[in-house]
Amino acid sequence: MNSIPQLTLLMIYLSLLSIGSSIRWHMQPNNRKCLREELRENILIKGEYEVTQVDNQQVDYVIKDSKNHILSQKEDISSGKFTFSVENYDVFEICFISKSLNSEYPGTVQEIFVDIKTGIEAKNYEGVAEAYKLKPLEMDLKRLEDFSEAIVLEFKDMRIRADEMRNTNETTNKRVFYFSLFSMLCLLILATWQVCYLRRYFKAKKLIE
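Remember, predicted model here, so these are calculated numbers, not experimental data.

Some thoughts on the sheet that holds strand β2 (residues 32-39)
Sheet architecture is open: four strands sit in the order β2-β7-β4-β5, paired in antiparallel fashion. Each edge of the sheet is formed by a strand with only one pairing partner; in this case those strands are β2 and β5 (70-74). Between one strand and the next, the sheet's axes are offset by a mean angle of 15°, whatever the strand orientation. The sheet contact formed by β2 and strand β7 (residues 90-100) spans eight bridges and is antiparallel. Its bridge partner being in β7, Arg-36 is matched across the sheet by Glu-93.

Some words on the pattern of salt bridges
Going through the model one piece at a time under the given rule, you end up with six salt bridges. A salt bridge links Glu-93 to Arg-36; the nearest nitrogen and oxygen atoms lie 2.9 Å apart. Here the residue Glu-93 occupies a position in strand β7, and Arg-36 occupies one in strand β2, the gap between them amounting to 57 residues. Taking relative accessible area as the criterion, Glu-93 reaches 18% and is therefore assigned buried. When its relative accessible area of 62% is taken as the criterion, Arg-36 is described as exposed. Here Asp-60 and Lys-99 are joined by a salt bridge, their closest N and O atoms 3.0 Å apart.

Remarks on the confidence of the model for the protein
On average, residues of the protein score 82 in pLDDT, and 87% of them reach the 70 mark or higher. Looking across the protein, the model is least confident in helix α1 (residues 3-17), with a mean pLDDT of 48, and most confident in strand β4 (residues 57-64), with 93. In this model residues 1-5 is a low-confidence stretch, pLDDT under 50, and it forms zero contacts with partners more than four residues away in sequence or in other chains.

Considering a nonpolar patch on the surface
A surface patch of nonpolar side chains, about 720 Å² in accessible area, is lined by Leu-190, Trp-193, Tyr-197, Leu-198, Tyr-201, Phe-202 and Leu-207. Following the sequence through the fold, Phe-202 ends up in helix α3 (residues 136-204). Note on Phe-202: relative accessible area 33%, which makes it partly exposed.

Examining the packing of aromatic side chains
Here the structure, examined in full by the defined rule, presents nine aromatic pairs. When the ring of Tyr-61 is compared with that of Phe-82, the centres are 5.7 Å apart and the planes differ by 40°; the resulting orientation is tilted. Within this pair, whereas Tyr-61 is found in strand β4, its partner Phe-82 is found in strand β6 (residues 79-86), the two being separated by 21 residues in sequence. Each member of the pair, Tyr-61 as well as Phe-82, is classed as buried. With 6.2 Å between their ring centres and 40° between their planes, Tyr-61 and Phe-96 make a pair best called tilted. Note that Tyr-61 is positioned in strand β4 and Phe-96 in strand β7, a separation of 35 residues in sequence. Phe-96 gets classed as buried once you look at its relative accessible area, which sits at 0%.

With respect to the side chain of Ser-98
Within the secondary structure, Ser-98 is located in strand β7. A polar side-chain atom of Ser-98 sits 3.4 Å from the main-chain amide nitrogen of Asn-30. Sequence-distant contacts of Ser-98, defined by excluding residues within four places in its chain, comprise Met-27, Gln-28, Pro-29, Asn-30, Asn-31, Gln-57, Gln-58, Val-59 and Gln-110.

Examining the side chain of Asp-60
With respect to the helices and strands, Asp-60 occurs in strand β4. By relative accessible area, Asp-60 is classed as buried at 5%. Here Asp-76 takes part through its backbone nitrogen, which lies 2.7 Å from a polar atom of the side chain of Asp-60. In this structure the side chain of Asp-60 is engaged in a polar contact, spanning 3.0 Å, whose partner is the side chain of Lys-99.

Rules behind the numbers
Residues numbered from 1 in each chain as written. Predicted model: local features only at pLDDT ≥ 70, side-chain atom pairs only at ≥ 80, totals over all residues. Heavy atoms only, no water. Pairing = 2+ DSSP bridges. Helix = DSSP H or I, 4+ residues; strand = E, 2+ residues; numbered from the N terminus. Axes fitted to C-alpha atoms, helices over the stretch in contact; angles between N-to-C directions. Salt bridge = Lys/Arg side-chain N within 4 Å of Asp/Glu carboxyl O. Buried < 20%, exposed > 50% of the residue type's maximum accessible area, 1.4 Å probe, protein only. pLDDT = per-residue confidence, 0-100. Contact = heavy atoms within 4.5 Å. Patch = residues over 30% accessible without salt bridge, like charges linked within 9 Å, V, L, I, M, F, W, Y side chains within 5 Å. Areas by Shrake-Rupley, 256 points an atom, 1.4 Å probe, with all protein chains shown as cover. Phe/Tyr/Trp six-rings, centres within 6.5 Å; stacked < 30°, edge-to-face > 60°. Polar contact = N/O pair within 3.5 Å; in protein donor to acceptor, adjacent residues only side chain to side chain.

What follows is the structure, given as structure tokens:
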């Protein structure tokens, strides 16, 4: 009897873990703003944008990966959506560029709103339920299964990053240790040379025997 309420609470909890990222800002004329995000392989990305319209002024957007491959692009936007998927782990950025169409026009500030959803958030479960003729509870179970897989993959990525950071720290510590030994050796050699040099100098001046 308590399985359905517990399932509902778990779904709410998992939903809170996957809240999309949305941002709203004021774009200065003839300016550029980019948003960057790291994404693992086989991820679907959906986004919506909205730009306040201003005469003699336009806003373009372009989405690129770390190799400058254009994944999505559009000029003179007002409102709309974009969708793309990634196959490999990479860093992606979406840039919004404000342009003044009249050189004599100083331009004005435009408000831009962007809502980006990735992975499970971007998946259309209503379409899945309709395609496979799933009942509401079955659709919730499917969503729960996908959320669980996403969390497992996220923890896996975190473990990989932790291992990489630990290896980096160990390598850095070794380099610092060897550099410290080298610095101490150089100081000892320099101090010994100074003592020998001063000793020969004072002997040459017959200040010491």
